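In case you want the letters, here they are:
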Amino acid sequence: MSLAQPHLAPASHRRPGGGDRTRVPSWLVLWPLALGAAILTALWFGPLPQRAQGSFAAHMVMHMGVVAVAAPLLAIGLLRLFPRRFSRMTPALAIVASFAEFAVVWTWHAPALHDAARTDGALFMAEQASFLAAGLFVWIAAIGTRDAMSRGARAAGTLALLVTSMHMTLLGALLLLSPRPLYACADLCAPAATFTPLGDQQLGGVVMLIVGGASYLAGGLALLASVLRQRTAPHGDEAEGVS
């Protein structure tokens, strides 16, 4: 799955004179959108919401599944399906999106608000919706800016994803290394079987470290690789232009 050109329109909808005579079915181009929607459906309508009421680790699996697995797939699919809708996005917006997701994630993991979302259905739905919105915002802004083929845009996208990876890693480490449970729900709710409240919280921290940190880091490194590759391209492009 390439992050370099995620905004291309479905091949089956390209104009006949577009240079590529191969007609690729839309479902082959839009498979990230379908897969992302399937994962999101499984996360929200499977057993995890019920399990998350009593397990911090299950709650974290939902959270990371939404922002670090479903969101990037949905973002790539939406960028391919509606390239013109996102054509006015600027590289600077990727940085704004990164800090917006930072605010959303850390706010919902404040003890009082997190405990409330674990016990109140309306707050739980608001939390999950904001996770999805923030995740889509940062992934779309990072890899789908108007100048996605320029080094400046990709550099901004790289920075946005790496900053997000850093704060995900920091929060995961805080949850893992805390000497005591940070949430009252650890005592009020029934923790996952065979886990103490602290062990359940630590497992959630591990999930955030591995899934959240790694996903955004991988996305950032993929964009960084495209920036570094493009640094060697201008000489060749100039030669082609002269010829």
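See above for the structure.
Residues numbered from 1 in each chain as written. Predicted model: local features only at pLDDT ≥ 70, side-chain atom pairs only at ≥ 80, totals over all residues. Heavy atoms only, no water.

A.B. asks: Got a minute to help me understand the packing of aromatic side chains in this structure?
C.D. replies: The description of an aromatic ring pair rests on the distance of the ring centres and on the angle between the ring planes. All chains considered together, the criterion is met by three aromatic pairs. Where F56 meets Y183, the ring centres are 5.3 Å apart and the plane angle is 20°; that geometry is what we call stacked. With F56 in helix α4 (residues 56–81) and Y183 in the loop between α8 (151–177) and α9 (185–188), the pair connects residues that are 127 residues apart, well separated along the chain. A residue is classified by how much of its surface remains accessible, and Y183, at 5% relative accessible area, is buried. Ring geometry for W139 against Y216: centres 4.9 Å apart, planes inclined by 25°, an arrangement best described as stacked. Here W139 is found in helix α7 (residues 121–143), whereas its partner Y216 is found in helix α10 (residues 197–230), with 77 residues between them in sequence. (Phe/Tyr/Trp six-rings, centres within 6.5 Å; stacked < 30°, edge-to-face > 60°. Helix = DSSP H or I, 4+ residues; strand = E, 2+ residues; numbered from the N terminus. Buried < 20%, exposed > 50% of the residue type's maximum accessible area, 1.4 Å probe, protein only.)

A.B. asks: How should I be thinking about a nonpolar patch on the surface in this particular structure?
C.D. replies: Taken together, L217, L221, L224 and L228 make up a surface patch of nonpolar side chains, about 320 Å² in accessible area. On the secondary structure map, L221 appears in helix α10. Here L221 falls in the partly exposed class, since its relative accessible area comes to 44%. (Patch = residues over 30% accessible without salt bridge, like charges linked within 9 Å, V, L, I, M, F, W, Y side chains within 5 Å. Areas by Shrake-Rupley, 256 points an atom, 1.4 Å probe, with all protein chains shown as cover. Salt bridge = Lys/Arg side-chain N within 4 Å of Asp/Glu carboxyl O.)

A.B. asks: Any chance you could explain the side chain of S98 here in plain terms?
C.D. replies: Examined against the element boundaries, S98 turns out to sit in helix α5 (residues 91–108). Within polar-contact distance, the side chain of S98 engages the backbone oxygen of A160 at 3.1 Å. Residues in contact with S98, not counting those within four places in the same chain, are V138, A160, V163, T164 and H167. (Polar contact = N/O pair within 3.5 Å; in protein donor to acceptor, adjacent residues only side chain to side chain. Contact = heavy atoms within 4.5 Å.)

A.B. asks: Looking at this model, I keep getting lost on the side chain of Q128. Mind explaining?
C.D. replies: Turning to its location among the elements, Q128 is positioned in helix α7. The class for Q128 is buried, based on a relative accessible area of 3%. A polar contact of 3.2 Å, which involves the side chain of Q128, links it to the side chain of E127.

A.B. asks: Got a minute to help me understand the nonpolar core in this structure?
C.D. replies: In globular proteins that are soluble, nonpolar side chains generally tend to be buried together. One finds V67, M208 and Y216 to be the most contacted residues of the largest nonpolar core, which totals 46 residues. Going through the elements one at a time, α2 (31–45), α3 (48–52), α4, α5, α7, α8 and α10 are the ones with two or more residues in this core. If we ignore the near neighbours within four places in the chain, the residues touching M208 are M60, H63, M64, V105, H109, M168, L171, G172, L175 and G213. (Core = buried A, V, L, I, M, F, W, Y, C linked by side-chain atoms within 4.5 Å.)

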